[in-house]
Amino acid sequence: MLKATATQLYDGAFNLFERPMLALQRLFGQSRIAWVFLLPNLLIFGLFTFLPIILNFVFATTGGDRILLDDRPFVGAEHFASLLDCESYFDPNSCHRDLFWRAVGNTGWFVLMQVGFMILFSLITALILNRDIVLRGFFRAVFFYPVLLSPVVVALIWKWILQRNGVLNAGLEGAGFGTINWLLEADWAFFWVVFVSIWCNMGFYVLILLAGLQSIPTDVYEAAEMDGTPRWRSLLRITLPLLMPTMLVVMVLSVIRAVQAFDEIYVLTGGGPGSATTLLIQYIYDVGFATRPRLYGLAAAASLLMAGVLFVLTMMQLAATRKQSGDN
Amino acid sequence: MAGVTLNGIVKEYGAVRVIHGVDLEIADGEFCVFVGPSGCGKSTLLRMIAGLEEITDGDLMIGGDRVNDQRASERGLAMVFQTYALYPHMSVRANLAFGLENIRMARAEIDSRVAEAARMLQLEPYLDRKPKALSGGQRQRVAIGRAVVREPKVFLFDEPLSNLDAELRVTMRGEIAALHRRIGNTMIYVTHDQVEAMTMADRIVVLRDGRIEQQGAPIDLYNRPVNKFVAGFIGSPRMNFIACEVVEADGSGVQLRDPSGRALLAHVDGRGLNPGNKVELGVRPEHLHPVGADENGITATVENIEQLGGESYLYCHGPDGVDVTVHMTGQTALGRGAQVVLGVTPDLCHIFRPDGIAQPRLRLGEAVG
Amino acid sequence: MFGWILGRRGRHGFDLTDWLAFGFLGLGVVLMLGPVLWLVLSSFKTEAALQEYPPKFLPLAPIERVVPGYEQPLQMFTVTAGEHAGRELAQVRRIGLNAQMVDPANPEERLNVNIGDREPLREFGVATENYTGVFSRFNFMLYFWNSTFITIVATVLTVLFNSMAAFALAKYKFTGRNAVFVLIIATLMIPPTITLVPLFLVISQMGMVNSHWGVIWPAIATPTGVFLLRQYMLTIPDDLLDAARMDHASEWRVYWKIVLPLSAPALAVLVIFSVMWRWNEFLWPLIVLNRSEVFTLQLALNSFQGELQTSWSNLLAMTVLTLLPITIVFAFLQKYITQGIAQSGVK
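The shown structure was predicted, so the numbers you read here are calculated from the model rather than taken from an experiment.

Here's the deal with the environment of Trp38(C)
No. 1: When you line up the elements, Trp38(C) lands in helix α2 (residues 16–42).
No. 2: Put simply, Trp38(C) and Gln51(C) are 13 residues apart on the chain and 15 Å apart in space, counted from C-alpha to C-alpha.

Structure follows, in structure tokens:
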């Protein structure tokens, strides 16, 4: 019944497009019809990806709080200058846009901590799951499950646990410790932001690393076992080197995504307390959309600076992969 | 009326010309086989006829109409692919019906055609199976059936048997030949296997590097190859070639001297050849056999012997170290290392000039031997 | 004794590393599933139970009773020590270390009880009103429908447009093919987060602010999808398409009746991705959708957690309802999802 309906729908959709597509095929010929197939996707790409990339430069060099380009006076590199205006780049207080530099600093720390610990935990988990272990499918699913949860849900789950009268404080108190207002103390808030972000992303990297581990042929291990290689040594000298290409992919992916972290952090802490957990994307969102006047130009300029950083990171990855494949 | 005519057909990929002006006339109802080594352009030519490749230059006529600009489906052809190209997600029945549904044929007519084809090709028990559940031979028959139900003017076959094992290949060869006898449509068949070509074709077209080397009835190609390439390609095992020098030549025959200095006579039109010319003597393995030491023939050392019971193959080192293969009926008492003289019948000799062109033979056919 | 459960398959013995491994995995399970479980349990507690500190594990609600003479229902306690030991009393108010209590049977008389001498009376109570409240008071269905609409429409269009483009790139030879392919792949490296401002201009110029289409259109031309499908379609033999063309199939028919059905495994992966992306998307809808009647579930959740700091009961129930669809899908398709993601390396 359901299948019949689905088939009818599928054939109906086919019939809907058949005549116009046949006419286009007659018009363009067999090989140029490819452009007709490409057209919808290319149009959307053009309008919503390529055009905005170009417009970004226009916004970054114009001022005012109006969205329409005609209403925006040209200001040249003013936004960039104001973003980069610092007496010392190590002291946000000395900067004209101190919040921007706080966000940059926070993002740097965040990337370092989140990526470092996440890869460490993911690697350990993947190595353990790669053992011929019972219930492997179940464990893999459990570690992966939080990846599917929406950032808002993730943030609310942890907010509920971390709140002043939450279960964590109750547990600590029961164990004889004092309670802490986790999300209202700057250092703790930052810790939990990193923690939650690892919690909800780690499963993805476990999967990728596990796939990488499983692509290492078992006969290599068997040969090592025949040679009497201790297990820790075959881990260091066989597994990890052979896993390097996958590790590299994981590193680059996770760095690029950590730089753009926003959703769960915004819901969890809103960037606070103060600006303790404000990252770059939130700065762009705050400046461009959340506060008035809406400083679109400043937001676009900050985006471009971030794009530059991401570009450098990507190039570094490409160079690293090339070196990697050149070595082997 | 659906002959196929090719007039100066040319195919270029960018600046590379792969088909160099092919002219060919295939009569209605003829079974024509394109044969040649891989890369000779035979499949490209077939795909151009099918309408799957654009024709760079020249005219393609089917049933008297120029069809260069018609799409594949409008040309009234059907094709059987090397990989069968069965739709894996459809049952056998749906595979057979797909093309007919596309032209919005009445359901009853589709059903009767599918049933007819299934009966003819013994596919009735498998109609509701998916191609995955069929054997190689059955898939092949479905592919043919898919062509048959269309009732096309011309059937095209692109190396249809190359994915089958040797035994099935012989069976399917017979089935395709029988199909041709029964429905009598024009068929164009591409293969790299000269045995398939010899056994099935009304006419063979030998291609090399995008050009027709020779075309004609199979037995004519065997008897009268126009050049060394065709001589070497048609016939199995391959024809033996021995470099010789012309001693004397006229319209009634050629007197040769082989590298070891033995004299040989060939009944080949020798006009145009002069004493001292370098030529190649061509003799088929089945036309060589051990003879007495003083007869017309070449000396050779037996290197290896294959005895199949009913027939035997001798692999020899001939004069000047050239490899010579001998195909004999029956069994042989010869052993490895034996010195033999291989008799050459003057009527069965071919002579090729240094540019590969054959001198015309004076008497043809096996009857002479 | 439990070695056969915990042991590695095909091996005998169970050494220290195995214990460590299972210790780690056990901790992982608690850490990964615990918070979700706690959320689900909490969502069934009454508002009163949620306010309780320290919290109880199960939804055991403190009992409240309406006592004549008091407007608010009063919480019931059982007295464990002192002169009123054994009685069940309702608490009127706390004063320092003493609680002023009344016997519901005799509401006139006030009794003083030390707060250490009384314990709340509880009953097992599943607060389904948390969930019904989500529907009756918070218009949950509207947000659910908004999210569903965006997810379904965007996924259908994503699969359609991406597969058409992939088909063109995988199965046709035409000048410019490589250029187009490189262009599409290059956008993989341009994260959407850096074009927020100009994209907002485009969307507002097209009048799609506060419209679901403003969320849908920018999302559907995914380079990931095109790449994934193209790689898969390359494995479909060209002969099959040629055979179909000989069978009078138009190019559209070749695409729809041959290539699409044969690409089903790759399409399924893309459908799963797309559903996940759209259902969970937050930042872009946050920018485009500003009126609460067009909010997606994620936006609604976010805005409620801002407004109703204290009303956790409905918020928790709504969070559970939001994670439910994805969880159900994952429970059934777990194997395919993890495989698809591991193979394609995208998320």
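Quick notes on the packing of aromatic side chains
The geometry of an aromatic ring pair comes down to the distance between the two centres and the angle between the two planes.
No. 1: One pass over the structure, following the stated rule, counts 57 aromatic pairs over all chains.
No. 2: Judged by centre distance (5.4 Å) and plane angle (80°), the rings of Trp158(A) and Trp199(A) are edge-to-face. One end of the pair, Trp158(A), is in helix α6 (residues 151–162); the other, Trp199(A), is in helix α8 (residues 186–214), and 41 residues separate them in sequence.
No. 3: Grouping aromatic residues by their ring pairs yields a cluster made of Tyr10(A), Phe17(A), Phe37(A), Phe167(C), Tyr172(C), Trp252(C), Tyr255(C) and Trp256(C).

Description of the packing of helix α9 (residues 223–233) of chain C against helix α12 (residues 264–280) of chain C
Residue and element names in this part refer to chain C.
No. 1: The interhelical angle for the contact between α9 and α12, taken along N-to-C directions, is 170°, at an axis separation of 9 Å. With respect to α12, the axis of α9 lies roughly antiparallel. Seen from α9, the contacting residues are Thr224, Gly225, Leu228, Leu229 and Tyr232; seen from α12, they are Pro265, Ala266, Leu267, Val269, Leu270 and Trp277.
No. 2: The class makeup of the residues in the contact of α9 with α12 is 9 nonpolar, 2 polar and no charged.

Some details on the confidence of the model for chain A
No. 1: For chain A, per-residue confidence averages 84 on the pLDDT scale, and residues scoring 70 or more make up 96% of the total.
No. 2: Element-level mean pLDDT values for chain A span from 71 in helix α9 (residues 218–226) of chain A up to 91 in α8(A).

Digging into the sheet that holds strand β16 (residues 297–307) of chain B
Residue and element names in this part refer to chain B.
No. 1: Ordered by their spatial adjacency, 5 strands build an open sheet running β15-β19-β16-β17-β18, and the pairing between neighbours is antiparallel. The open sheet is flanked by β15 (288–291) and β18 (323–329), the only strands paired with a single partner. Taking each pair of neighbouring strands and ignoring which way they run, the sheet shows an average axis angle of 50°.
No. 2: Here β16 pairs with strand β19 (residues 339–344) via 5 bridges, running antiparallel. Along β19, the bridge assignment pairs glycine 297 with glycine 343.

Structural notes on a nonpolar patch on the surface
No. 1: The grouping of Phe311(A), Val312(A), Met315(A), Met316(A), Leu188(C) and Met189(C) at the surface amounts to a nonpolar patch, some 560 Å² of accessible area in total.
No. 2: Looking at where Met189(C) falls in the secondary structure, it is placed in the loop between α6 (177–186) and α7 (196–205).
No. 3: The class for Met189(C) is partly exposed, based on a relative accessible area of 41%.

Scoring rules and cut-offs
Residue numbers restart at each chain and count upward from 1, following the sequence in its written direction. Key to labels: chains lettered from A, ligands numbered from 1, both in the order written. Where local features are concerned, this predicted model is filtered to residues with pLDDT of at least 70; where side-chain atom pairs are given and counted, the filter is 80 or more; whole-chain, interface and lining totals use all residues. No hydrogens and no water enter the side-chain calculation; it runs on all heavy atoms of the structure. Runs of E in the DSSP output that reach at least two residues are strands. Runs of H or I that reach at least four are helices, and both are numbered from the N terminus. The criterion for an aromatic pair is that two Phe, Tyr or Trp rings (for Trp, the six-membered ring) have centres within 6.5 Å, with stacked assigned to planes under 30 degrees apart, edge-to-face to planes over 60 apart and tilted to the rest. All axes here are fitted lines through C-alpha atoms, helices being fitted over the stretch that makes contact, and every angle between N-to-C directions spans 0 to 180 degrees. Oblique is the label for every angle not falling under 35 degrees (roughly parallel), over 145 degrees (roughly antiparallel), or within 65 to 115 degrees (roughly perpendicular). Any pair of residues with heavy atoms lying within 4.5 Å of one another is described as a contacting pair. Only Asp, Glu, Lys and Arg are considered charged in this grouping, and only Ala, Val, Leu, Ile, Met, Phe, Trp, Tyr, Cys and Pro are considered nonpolar; every other residue, Gly among them, is considered polar. Residue-level confidence of the predictor is summarised by pLDDT, bounded by 0 at the bottom and 100 at the top. Two strands pair under a simple rule: DSSP has to find at least two bridges between them. Distance thresholds for patches are 9 Å for like charges and 5 Å for nonpolar side chains (Val, Leu, Ile, Met, Phe, Trp, Tyr), applied to residues having over 30% relative accessible area and no salt bridge. The Shrake-Rupley method, run with a 1.4 Å probe, gives the accessible areas here. Residue values count only the displayed protein chains as cover. Whenever a carboxyl oxygen of Asp or Glu lies within 4 Å of a side-chain nitrogen of Lys or Arg, that contact is scored as a salt bridge. Exposed residues in this analysis have more than 50% of their type's maximum accessible area, buried residues have under 20%, and partly exposed residues fall in between, with area computed by a 1.4 Å probe over protein chains only.

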